[in-house]
Amino acid sequence: MRKVLAIVLAIGIVLGNIGLANVKPVQGVEIETEATSAILMDAVSGRILYEKESHKELPPASVTKIMTLLVAAEAIEQEKVKLTDTVTASENACKLGGSQIYLEPGETFSLEQMLIAIAVGSANDGCVAVAEHINGTHEAFVEDMNRKAQELGLKNTHFVNAYGLPAEGHYTSAYDLAIIAKEVLKYPLIRKLTSIKEYDLREGKFKLYNTNKLLWWYPGADGLKTGWTNEAKYCLASTVERNGLRLICVVMGVPQVRGHFAESMKIYNYGFAKYEFKQFAPAEEKQGVVKVTKGVEDEITAVTETALGATVEKGKDKNFWVETKLNPEISAPIEKGQKIGEVLLYQNDQLQATVNLIADHAVARAGLVDQLTRTMKGVFGF
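Residues numbered from 1 in each chain as written. Predicted model: local features only at pLDDT ≥ 70, side-chain atom pairs only at ≥ 80, totals over all residues. Heavy atoms only, no water.

Draft legend 1. Quick peek at the sheet that holds strand β11 (residues 286-293). Taken in spatial order, the six strands line up as β14-β16-β17-β12-β11-β15 in an open sheet, and their pairing is mixed. Among the strands making up the open sheet, the edge pair consists of β14 (320-326) and β15 (329-331). Averaged over all pairs of adjacent strands, the angle between their axes in this sheet comes to 35°, without regard to strand direction. Sheet topology note: the β14/strand β16 (residues 339-347) ladder contains seven bridges and is antiparallel. (Pairing = 2+ DSSP bridges. Helix = DSSP H or I, 4+ residues; strand = E, 2+ residues; numbered from the N terminus. Axes fitted to C-alpha atoms, helices over the stretch in contact; angles between N-to-C directions.)

Draft legend 2. Structural detail: the environment of Trp 216. Among the secondary structure elements, Trp 216 is positioned in helix α9 (residues 214-217). Judged by its relative accessible area of 38%, Trp 216 falls in the partly exposed class. For the pair Trp 216 and Lys 197, spaced 19 residues apart in sequence, the C-alpha to C-alpha distance is 8.2 Å. Apart from residues lying up to four places away in sequence, Trp 216 is in contact with Lys 197 and Asn 210. (Buried < 20%, exposed > 50% of the residue type's maximum accessible area, 1.4 Å probe, protein only. Contact = heavy atoms within 4.5 Å.)

Draft legend 3. Quick peek at the confidence of the model for the protein. Of the residues in the protein, 88% reach a pLDDT of 70 or more, and the chain-wide mean stands at 90. Counting interchain partners and residues more than four positions distant, the pLDDT-below-50 stretch residues 1-28 has two contacts. (pLDDT = per-residue confidence, 0-100.)

This is how it looks when you write it as structure tokens:
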């Protein structure tokens, strides 16, 4: 009897090991998606909340244009160009096919209007006109797009053009697009442009309608960009904010018409059902006082630059603690918004978020007489 039991037990162990070898680790509820590649990312921390083949190199179609908008926004921030600049369409810009605003050679628009045409109407011709205005040539602008991709550490991205029409060597991945979108969100201008639902161009003679239907269909959606070609199928990089939680979703290679919207909403539903943003301090909350030397004031209040919080799985929001680091003293002059410390948020021993502590107002440098008087008071007490 013992021999029989031993044999049965041995068989059970072998079968069990075979079974375990073929079972993938449980990672929570899996989402079934028709997308070839997909990712859901926390927009603040970059934490991946869901992914499917997220590093697969694929053609992005017009989702390319979020990098075009990013490079343009940086040029504006660096004051290389202004939104009020006049952009003149070249013959090179006007000969492009695909989605366009049908520019005529020599036709002019402001840079802001051209960017709206790209963000809302997905204008290929607008991309070339903007590229030429900023960098002189479309090719030089694309070099900047690839330079920015390298700066962001993107491993599976290479651009050949600024508009996304099929070209050999033009590819990216869902993960890389999510990282680009995360960077884009640092520029309020781009989210403003990509959230415009409709726009009148040429004094109302040409109407633009945003191709991103999530702006109408999904509460909290406020950007970014769609894409479609026969090669790329349906693609979408988007962002949604609800109750302080901002997520980024990218889907690529969806075969069905409007499937990129349906798949994105499915993934967002999963994200907002499972995760929440837990806030520990609002923006501009007082976190301490720093001593000021050589200033017209003796101290300055440190406040949080942005809200301090973290994206957490619902029901798993315990064991958080905060560490505040302030400069012991700072020399005037001090500008309003100047960094004078930081506050760190931990869960157990894992760093979850860091927020700068900044000066809540400016402090001018004291004159020589005032500094001497203050020194005398400190030394002699009068």
